[in-house]
Amino acid sequence: MHIDLSDVSILVIDDNSHMRSLFRAILNGFGARKIFEAGDGSDGLAVVVDRKPDVVICDWVMAPLSGGEFLSILRGDSDEFVATTPVIMVSADARKPVILRALELGIHEFLASPFRPRCCINVSTGC
């Protein structure tokens, strides 16, 4: 199955510039061309409101605004489009309590790092 990502806009939020570059390279390899970046959750919120990406890939552990705090604020936004933006949470801490907390906050997927392009944990099916 081939999915055309050339028109999908993606926001990558991570306080590590090397991880943002890695995500950009992987996404480009999959054909994504509309990729935005933010260095923390606060900047990420501004980009979501301004650019309205189709999906957000967000690190869980960031400062000053963590991925969980970003998600809480995002889900509470008065703009329904912004509040329901799909979020893929990324973390090296893939313990069950972390994943469950991210699910409670409204993630769509959880990606455990380090990762390879085929290592996404599907939270809806458990795969």
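For clarity, every value in this text was computed on a predicted model and none was experimentally measured. In every chain, residue numbers begin from 1 and rise along the written sequence. Residue-level local features of this predicted model are given only where pLDDT is at least 70; pairs of side-chain atoms are given and counted only at 80 or more, and the full residue set underlies all totals for whole chains, interfaces and linings. Working from all heavy atoms in the structure, the side-chain values ignore hydrogens and water.

1. A short note on the overall build of the protein
Our working rule: A run of DSSP states H or I qualifies as a helix once it reaches four residues; a run of E qualifies as a strand once it reaches two. Both are numbered from the N-terminal end. Think of it in three bands: residues with accessible area under 20% of the maximum for their type are buried, residues over 50% are exposed, and the middle band is partly exposed, with areas taken using a 1.4 Å probe on protein chains only. Only heavy atoms enter the contact rule, under which two residues are in contact if any of them lie within 4.5 Å. Computed by Shrake-Rupley with a 1.4 Å probe, the accessible areas treat only the displayed protein chains as cover when residues are assessed.
Along the protein, the regular secondary structure elements total five helices and six strands. Reading the secondary structure of the protein in the N-to-C direction produces β-α-β-α-β-α-α-β-α-β-β. The 127 residues of the protein split such that 43% are buried. Summarising the internal contacts of the protein: among those between residues at least 6 apart in sequence, 58% fall at separations of at least 24. Working note: accessible area of the protein is about 7000 Å², and carbon and sulfur atoms make up 56% of it.

2. Let's talk about the pairing of strand β4 (residues 87–91)
To keep it simple, the criterion reads: By definition, two strands form a pair when at least two bridges between them are found by DSSP. Throughout, right-handed denotes a crossover for which the path from the first strand over the helix to the second runs clockwise when the strands point away from the viewer.
Within β4, four of the five residues are buried, which leaves the element mostly enclosed by the surrounding structure. Relative to β4, strand β3 (residues 55–59) runs parallel, the two being bridged by four bridges. For V56, the partnering residue across the bridge sits in β4 and is V87. Here β4 pairs with strand β5 (residues 109–112) via four bridges, running parallel. Across the sheet, the residue bridging to M89 is F110, located in β5. Once the chain exits β4 it traverses helix α5 (residues 96–105) before rejoining the sheet at β5, and the crossover so formed is right-handed.

3. A few points about helix α3 (residues 67–75)
Basically, it comes down to this: Note: the arc covers the axis-to-C-beta directions of the helix.
Burial in α3 covers these residues: G67, G68, F70, L71 and L74. Taken down its axis, α3 places every buried residue within 160 degrees of arc, on the same side. Buried-residue contacts for α3 involve β1 (9–13), α2 (41–51), β3, α4 (80–83), β4 and α5.

4. Remarks on the environment of R51
Worth spelling out the cut-off: What qualifies as a polar contact is a pair of N or O atoms within 3.5 Å, subject to a donor-acceptor requirement within protein and to the restriction that residues adjacent in sequence count only when both atoms come from side chains.
Inspection of the secondary structure puts R51 in helix α2. Its relative accessible area of 48% is what places R51 among the partly exposed residues. The sequence separation of R51 and S9 amounts to 42 residues, and the corresponding C-alpha distance is 8.7 Å. A polar side-chain atom of R51 sits 3.4 Å from a polar atom in the side chain of D50.

5. Examining the side chain of R20
In this structure, R20 sits in helix α1 (residues 17–29). Judged by relative accessible area, which is 15%, R20 ranks as buried. In this structure, R20 is in contact with V12, D14, D15, E37, A38 and G39, ignoring residues within four places of it in sequence.

Honestly, it's all geometry; don't read function into it.
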